[in-house]
Structures are given as structure tokens and as C-alpha cells.
Amino acid sequence: VPVVAVVGRPNVGKSTLVNRIIGRRQAVVEDVPGVTRDRVPYDAQWNGRRFTVVDTGGWEPDARDRAAAIAAQAEIAVQTADVVVFVVDVTVGATDVDEAAVKMLRRSHKPVILVANKADNQNLEMEAVSLWSLGLGEPHTISALHGRGSGDLLDDILSALPEPPPIVEGGPRGPRRVALVGRPNVGKSSLLNRVSKEERAVVDSVAGTTVDPVDSLVEMDGELWQFVDTAGLRKRVNQASGTEYYASLRTAGAVEAAEVAVVLLDSAEVISEQDQRVLTQVVEAGRALVIAFNKWDLVDADRRIFLDKEIERELKRIPWAIRVNISAKTGRAVDKLAPALRRALASWEQRVPTGALNQWLTALTQATPHPVRGGRAPRILFATQAGVSPPRFVLFTTGPLDAGYQRFIERKLREEFGFEGSPIEVSVKPRK
Ligand code: GDP
């Protein structure tokens, strides 16, 4: 969802404008001089288009370092917003503070819409002409309080937003790409043979699809899946699989080409260093991950207890991976694979709305603030999901965060929003 940041000095009417834009469906904190509002995002809609409005808060008029406060606000607005709405009070005109802010906004190369607010009558509308001097083009004269001009403003905000991505629901996206990886003899070819046999095999040539000849198309659970780089797996049955070096190159290639990886582990053996390397390859490539414990037909009650401890110890760093216990040999639970892949891919592509993300984060950081370091504790000002596949989050902060605190945020983020089966990335942008 695109983000619109509303920027301006205190008392120019930002809250009133934000209320106008969101249609008063959510209460906005009043613009009280001297009181810092945190950056609060609201969900808004106009002409069927959804977007997020961020009220970037007032500059504290009595802040000791006013220039720094403006810079911080402008920077956050600029880094997170698709469009900046810059509000000026037409009854006051452009102040030197406004001019300083415009300089910073201009450097961002983001579209800036100039709003001359409090133009409650025609005389005041005339006053707005002087705001051309800010160099932001024609001022949009509005009265946020009375609603005058706000519809036209919203139309212009919408046309400045980036084009919405085309809706591809059930469209011709092609099959999801799966890498089947794991150390030699873990059962990769057996599993591929099993899913091709059990389900109607549509391998190698399907009219109208372009599939790399080294890939296999397999139908599982009513859907086509593209197992990438499986040529070697199909031909070789129970034969030596070459050196580890070539095995790891093959793994890297398959993982790169895939969206989700199935890492096979041997339930009858300990989780080895080579297994760990394969898991690391998948996580570092940022692919969705399903761990399949194969050869489950060999697992008895004692072995199970042992395995639980093994998992606890060896897979601690990836508790979010989805696990299935299968047997390529007997076919046990192989039907669990497709649902696991779907769930991992859904997490991999999940988007958390900016509003929900920041509401959650505000509550979390209020309950558990960053520990004080050298008399100060960095604050998180605003968070946004910068991307998907895998989900990537950016935290805008007043300073660097402790590694431990950042991990805490990541863990809580998962607790709140899920992401089973997908790595997530959290990065921190401290303001300068
Ligand atoms: P790859 O090197 O990973 O492709 O492994 P293969 O598919 O060639 O399997 C290696 C060996 O493990 C073969 O002897 C298979 O028969 C055996 N195997 C594979 N899956 C299973 C399973 O689920 N249970 C048991 N008991 N043996 C399996």
C-alpha cells in the first residue's frame, strides 16, 4: 500500500487534514503545540484506492535543535513515503522554517504536493498566491476544517501515487518453483519419483508451458509444481552422487532458481554439518523453507525422543521452518508436502499493512522499551515493510539498536504476524 506523509509546522492543520483524508474513521490526536506526536499511520481510501497516511507529527516549536528536528521528520517522511503532502498555513504564509523544510523535501526527489490550508474564504485563497515562491508549484488551497478543496487535493494525491500493481489473482503466473535439496542419499530422487508416481506425472513436456529441460513439472494436490534442476536426480538412482563440492554447487543453483526449498534430512541419522550448510544456503538466499524428515518409516519411539532433542539443539536458529515427517519409500505423509509448500510461500509473500505494523510496534516498545545505554535509549520512530519474497522490514530509529533488542523485535514480529516457513529481514536505519 502506498504511503502519503503529511508534513508541516505545528498548528498548520495537519491533524485536521489527516482527519479529512481518512474520513474521521479513526481519531487523530489533536495538534497541541509543544506536544510531540509520534508518527502515526492511518489507513485511508479514495476512489477505491487504498493508501496509508502518515501524520509525521509536529515539530516541537521550542525544541532546542529545531533544525535537527525538522531534518529528522523530513528524512523519515522522505524515506518511507511515496508522496509528501507539505502543509502551510495560508494565514501565516511561508516562514523560514517552511523554506528550510522545502529544501530538504526537494532533495528527496519524491513528489511533493503543496497545501495552503485555512483558506476558509476567497480573500485567504488569494493569499495563497504568495506560496508559489516556495518553488513547489501551484498551492492547493483548502480548508481542512470545512472540507473546501479536499476532494481535488485527494484526486491529485492519487494521481501522484505510483501505479498499482496489476491484479494477477489466479492469473498466468506459472507453477511455483521448488528446490529439492539435501545431502547425498537422503532420498531426493526417491521423493521426486514418489511424487511423480503417486500424483499424475506431467513431467517434462506440458503444452503451452516453458520449462527448463533440467526441471520437472509435477502435479501435487491439484496444482502444478516446478521442481528445479532435477535432471541429475531423475537419471541417477542409487548411484554415487559426486563430490560434496559439486553437490553444494548444485544446491546453490537450485536454491537460487527456486522460490521455496524442501531440505531433506535423514531421520535415521544425526543432523550433520553438511545438512547445516544446506539449510544456511536456503536461509541466506532468502527462500521459503520446508524441512522434510525423510525415512520416517525407520523412526521408532526411542528414535523419536532422540530426534526431538536433536531438533531442539540443531535447528534452534530456524524455529520458524515448517517441518514434515515423510517416507519417500512408503509414501507416508507425502501428501503433506504441497500444503506445507503453500503455507511457506504465503508467509514468504505476506505483507503487513503499515498501520497495523506501527500500532503493534508502538504497543510493544511502550511495554518493553529499549534498555538505556549511556543515559539514553534509542527509540523506534516508524517501521515499514520494504518488500516481500522474503518479507523485509525497515525500522527508522533515533540511534542504533542493541543486537539483542533487534532480535527481540524480530521474534515478536513473528509471534504477532506469523511468517511460518519464511525467513524475514529486519534492518535498522538510525537517523543521522
Ligand atoms: P538422493 O541421493 O538424495 O537422491 O537419495 P536417493 O533417493 O537415491 O536415496 C538414497 C537411499 O535411501 C536409497 O537406497 C533409497 O532407497 C533410500 N530411501 C529413500 N527414501 C527412503 C525412505 O523414506 N525410507 C527408507 N527406509 N529409505 C529411503
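Residues numbered from 1 in each chain as written. Predicted model: local features only at pLDDT ≥ 70, side-chain atom pairs only at ≥ 80, totals over all residues.

## Some points on the overall build of the protein
From N to C terminus, the protein includes 13 helices and 15 strands. By the burial criterion, 38% of the 432 residues in the protein qualify as buried. A separation threshold of at least 6 residues defines the contact pool for the protein, and within that pool the share at least 24 residues apart is 70%. (Helix = DSSP H or I, 4+ residues; strand = E, 2+ residues; numbered from the N terminus. Buried ≥ 20, exposed ≤ 12 C-beta atoms within 10 Å, placed from the backbone. Contact = placed C-beta atoms within 7 Å.)

## Thoughts on the site of the ligand
Surveying the vicinity of the ligand reveals 18 residues, the closest of which are Gly187, Lys188, Ser189, Ser190 and Lys329. In terms of residue count, helix H6 (residues 188-198) provides more of the shell around the ligand than any other element does, three residues in total. Taken together, the residues that form the shell around the ligand break down as five nonpolar, nine polar and four charged. (Near = placed C-beta within 6 Å. Nonpolar A, V, L, I, M, F, W, Y, C, P; charged D, E, K, R; others polar.)

## What to know about unusual backbone geometry
Put simply, Ser389 and Pro390 share a cis peptide bond, and its omega is 0 degrees. Along the polypeptide, Pro390 turns up in the loop between strand E13 (380-387) and strand E14 (392-397). The backbone of Lys118 shows a phi angle near 70 degrees, a positive value even though the residue is not glycine. Structurally, Lys118 is set in the loop between strand E5 (112-117) and helix H4 (122-127). Of note, Ala333 is a non-glycine position whose phi angle comes to about 55 degrees, a positive value. Assignment of secondary structure puts Ala333 in the loop between strand E12 (322-325) and helix H11 (337-348).

## Regarding the sheet that holds E13
A sheet is described by the order of its strands in space; here three strands give the open sequence E13-E14-E15, paired in mixed fashion. Each edge of the open sheet is held by one strand with a lone partner, namely E13 and strand E15 (425-430). If you compare each strand with its neighbour and ignore which way they point, the axes differ by 20 degrees on average. Both E14 and E15 contribute to a ladder of six bridges, which runs parallel. In the strand pairing of E15, Val394 is matched with Ser427. (Pairing = 2+ DSSP bridges. Axes fitted to C-alpha atoms, helices over the stretch in contact; angles between N-to-C directions.)

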